[in-house]
Amino acid sequence: MRYRFLVPMFIVAVLVLTGVLGCVQKQEMVLVVGTSADFPPFEYKDPQTGEIVGFDIELIKLIAEKIGYDKVEIKDMDFDSLIPALGAGQIDVAIAGITITDERKQQVDFSIPYWSADQAVVIRKGSGITINDVKDLYGLNIGVQTGTTGAIYVEEHVGENATIKEYPTYIEALQALITGQIDAIVVDTPVAQRFTQQYDVEIAHVFKTGEQYGIAVKKGNTDLLNKINNALQQIMNSEDWNKLIEKYFGSSSS
Amino acid sequence: MTVNLGEAIRPLLDGAKVSLELSILSILLGMAVGLLIAIIEVYGGKILRYIALGYENAIRGVPLLVIYFILYYSIPMMTGFSMDPFTTAVIGLGIRSSAYQSQIFRGAIQAVEEGQIEAALALGMSKWQVIRHIVLPQALRISLPGWMNEYTIVLKDTSIAIAIGVIELTRQARYLVSYYLRPFLFYGMAAFIYLVIVLSIGYLAGYLGKKYQIIGLGGGVTRA
């Protein structure tokens, strides 16, 4: 009778041991990166390959390689979930065109800025609107995306002098512009550039606001943050940086 | 940018598969728990009944997004124990649905005629035997239309799972929308896929309702 127990016990012991040894042997250093892949060209899903790609994704891969990680794992989620995911340790870093703000700084730590965006005014081609100054927006129907720097900018500088319509994403705002429900949209410059490539719209003016995008880590994770900053600085001073910009923004980069 | 529809349909179908799996596992988990809650609420002792009522009301009062955040972000932060997004989504959606399903089943259980239960008890059946052989076979048939309705809600609520990183149908559509900037086309395609799933499941439920119909039992005949 005793042997009957010994055999399965032996099998279990072997399985457990090989499992443990297997783990010890290939202890890969994996950087888990959170992003929100609906913000081309910074991060998006390439319909041809089905892979999540973009400026941010390639940048974080370069950084991870410099720091010495073996692998980068990309986790896509809602933009609003990135900060909670950092807090809960579900991801190590978040890179998703995140503008560095004081509110966000209270919850996460940011790297040095790697990108600077301004606010562009997008109008329909041939609509005859000229914008040279904030005051030129007075009296117009202006679309913005809720919670973005564009929305805050218009609210502060135009306020009551124009009709401001808020949309959940810039895509709805763009549809409203094309169908003539609004006269102009105020959005981040990289987004505005994509609009002009795909629709009959143009950038009427750019307000220099200089929002800075940063890479976020869990609050207090200074060790990782220092490594990221070092790597980022090296990359930004290298030829790789220009290649990356050329690849995703062409020559018309900011 | 021209859209290659053949290429675009593939990620949508991948997403549809995830949504379908998530909705079916969730509705089944919700059914198991919901049925138990319903039985306790109708036949349980005083303490058990209060626990069941408390569970049902607490869950019904909390938005799904909050349930997800608690399961996926708060619990790992407090205990260090974490599950993968899909499992978390099944549990979250299942828990939420169990509270609603418990009410569907409770109504159906109470719709079974009192006289039958008394008769069964008089014949010497135990309480459990009465539930198993007299009440549930009728209650499950009665609950089919309501249950079918609940499934359509669960299916569409799978789209909230992107909050914890489950890449389902709506998310796949969103990738395409943000890449091609064509919201009507891709959200329209996603809506059509949801519709096809709902209609198919509805057809299946209608078929089951007919197949297991008991002549004379009101409510058992169903058109989902």
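**Some remarks on the packing of helix H1 (residues 5-43) of chain B against helix H2 (residues 46-60) of chain B**
All names here are of chain B.
At step 1: Orientation of H1 relative to H2, taken along the N-to-C sense of each, is 135 degrees, at an axis distance of 8 Å. Looking at the two axes, H1 sits oblique to H2. As for the relative orientation of H1 and H2, their crossing is left-handed in sense. Residues Ile37, Ile40 and Glu41 of H1 form the contact with H2, whose own contacting residues are Leu48, Arg49, Ala52, Leu53, Tyr55 and Glu56.
At step 2: Broken down by class, the residue content of the contact of H1 with H2 amounts to six nonpolar, no polar and three charged.

**What to know about the pairing of strand E8 (residues 115-124) of chain A**
Residue and element names in this part refer to chain A.
At step 1: The buried fraction of E8 amounts to seven of the 10 residues, a majority that puts the element mostly inside the structure.
At step 2: One ladder, built from five bridges, connects E8 with strand E11 (residues 184-188); its direction is antiparallel. Bridge pairing in E11 places Ile123 opposite Ala184.

**Here's the deal with the sheet that holds strand E3 (residues 43-45) of chain A**
Residue and element names in this part refer to chain A.
At step 1: Pairing is antiparallel across the open sheet formed by three strands, whose spatial order is E2-E3-E4. Whereas interior strands pair on both sides, the edge strands pair on one side only; in this sheet they are strand E2 (38-39) and strand E4 (52-53).
At step 2: Here E3 pairs with E4 via two bridges, running antiparallel. Its bridge partner lying in E4, Lys45 is registered against Ile52.

**A word on helix H4 (residues 85-111) of chain B**
Residue and element names in this part refer to chain B.
At step 1: With 27 residues, H4 should reach 39 Å at 1.5 Å per residue; the first-to-last C-alpha distance of 39 Å fits that figure.
At step 2: Where H4 bends most, the angle comes to about 30 degrees, and this point is Ser98.
At step 3: Counting buried positions along H4 yields 20 of 27 residues, so the element is predominantly enclosed.

**Structural notes on the interface of chain A and chain B**
At step 1: Contact with chain A, which involves 24 residues of that partner, is made by 22 residues of chain B.
At step 2: Of all the secondary structure elements, the ones that give two or more residues to the side of chain A that touches chain B are E2, E3, strand E5 (71-76), helix H3 (82-87) and helix H6 (170-178) of chain A.
At step 3: Residues that form the side of chain A that touches chain B fall into these classes: 11 nonpolar, eight polar and five charged.

**Some points on the nonpolar core**
At step 1: Val93, Ala94, Val122, Ala184, Ile185 and Ala216 of chain A are the most contacted members of the largest nonpolar core, which has 114 residues in total.
At step 2: Apart from residues lying up to four places away in sequence, Val122 of chain A is in contact with Leu177, Ala184, Ile185, Val187, Ala192, Phe195, Val201 and Ile203 of chain A.

**Thoughts on the sheet that holds E8 of chain A**
All names here are of chain A.
At step 1: Strand order across the open sheet formed by five strands is E10-E9-E11-E8-E12, with mixed pairing between neighbours. Only two strands of the sheet have a single partner each, and these edge strands are strand E10 (163-167) and strand E12 (201-213). The sheet shows a mean angle of 25 degrees between the axes of neighbouring strands, taken without regard to direction.
At step 2: Where helix H5 (residues 149-157) meets the sheet, its contacts fall on E8, strand E9 (141-145), E10, E11 and E12, and the angle it forms with E9 comes to roughly 145 degrees.

**Concerning the domain arrangement of chain A**
Residues and elements named next belong to chain A.
At step 1: One can read the domain layout of chain A as domain 1 (30-114 + 214-249) and domain 2 (118-211).
At step 2: Using only C-alpha atoms to locate each centre, domain 1 and domain 2 end up separated by 27 Å.
At step 3: Counting residues at the interface gives four residues for domain 1, matched by four residues for domain 2.

**So, unusual backbone geometry**
At step 1: Residues Pro40 of chain A and Pro41 of chain A are joined by a peptide bond in cis, for which omega reads 0 degrees.
At step 2: Secondary-structure assignment places Pro41 of chain A in the loop between E2 and E3.
At step 3: Although it is not a glycine, Leu181 of chain B adopts a positive phi angle of roughly 55 degrees.
At step 4: Along the chain, Leu181 of chain B turns up in the loop between helix H7 (169-180) and helix H8 (183-211).
At step 5: For Leu181 of chain B, a count of 21 C-beta atoms within 10 Å gives the class buried.

**What to know about the environment of Val166 of chain B**
At step 1: Locating Val166 of chain B in the fold gives a position in the loop between helix H6 (127-157) and H7.
At step 2: Setting aside anything within four residues of it in sequence, one finds Val166 of chain B in contact with Val18, Leu22, Pro85, Phe86, Ala89 and Ala161 of chain B.

Definitions and cut-offs
- Every chain is numbered independently, its residues counted from 1 as its sequence is written.
- Note on labels: chains are lettered from A, ligands numbered from 1, in written order.
- Restriction of local features to residues with pLDDT of at least 70 applies here, the model being predicted, together with a cutoff of 80 or more for giving and counting side-chain atom pairs; totals for whole chains, interfaces and linings are based on all residues.
- For helices, the fitted line uses only the C-alpha atoms of the stretch in contact; every axis is such a line through C-alpha atoms, and the angle between N-to-C directions lies from 0 to 180 degrees.
- To qualify as a helix, a DSSP run of H or I must reach at least 4 residues; to qualify as a strand, a run of E must reach at least 2; elements of each kind are numbered from the N terminus.
- Angle categories are assigned with fixed cut-offs, so that under 35 degrees is roughly parallel, over 145 is roughly antiparallel, 65 to 115 is roughly perpendicular, and the rest are oblique.
- Crossing handedness is read from the near helix: turned anticlockwise from the far helix by less than a right angle, it gives a left-handed crossing, and turned clockwise, a right-handed one.
- Throughout, a pair of residues is in contact if the C-beta atoms placed from their backbones lie within 7 Å.
- Here the nonpolar group is Ala, Val, Leu, Ile, Met, Phe, Trp, Tyr, Cys and Pro; Asp, Glu, Lys and Arg are the charged ones; every other residue, Gly included, is treated as polar.
- Whether a residue is buried, exposed or partly exposed follows from its count of other C-beta atoms within 10 Å of its own C-beta, namely 20 or more, 12 or fewer, or something in between, respectively; the C-beta atoms are built from the backbone.
- At least two bridges found by DSSP between two strands are what make those strands a pair.
- One less than the residue count of a helix, multiplied by 1.5 Å, gives the span that helix is expected to have.
- One fitted axis covers the seven residues ending at a residue, a second covers the seven starting there, and the bend at that residue is the angle between these axes.
- A set of buried Ala, Val, Leu, Ile, Met, Phe, Trp, Tyr and Cys residues, joined to one another through C-beta atoms within 7 Å, is what we call a nonpolar core.
- The source of the domain bounds is an automatic or database domain assignment.

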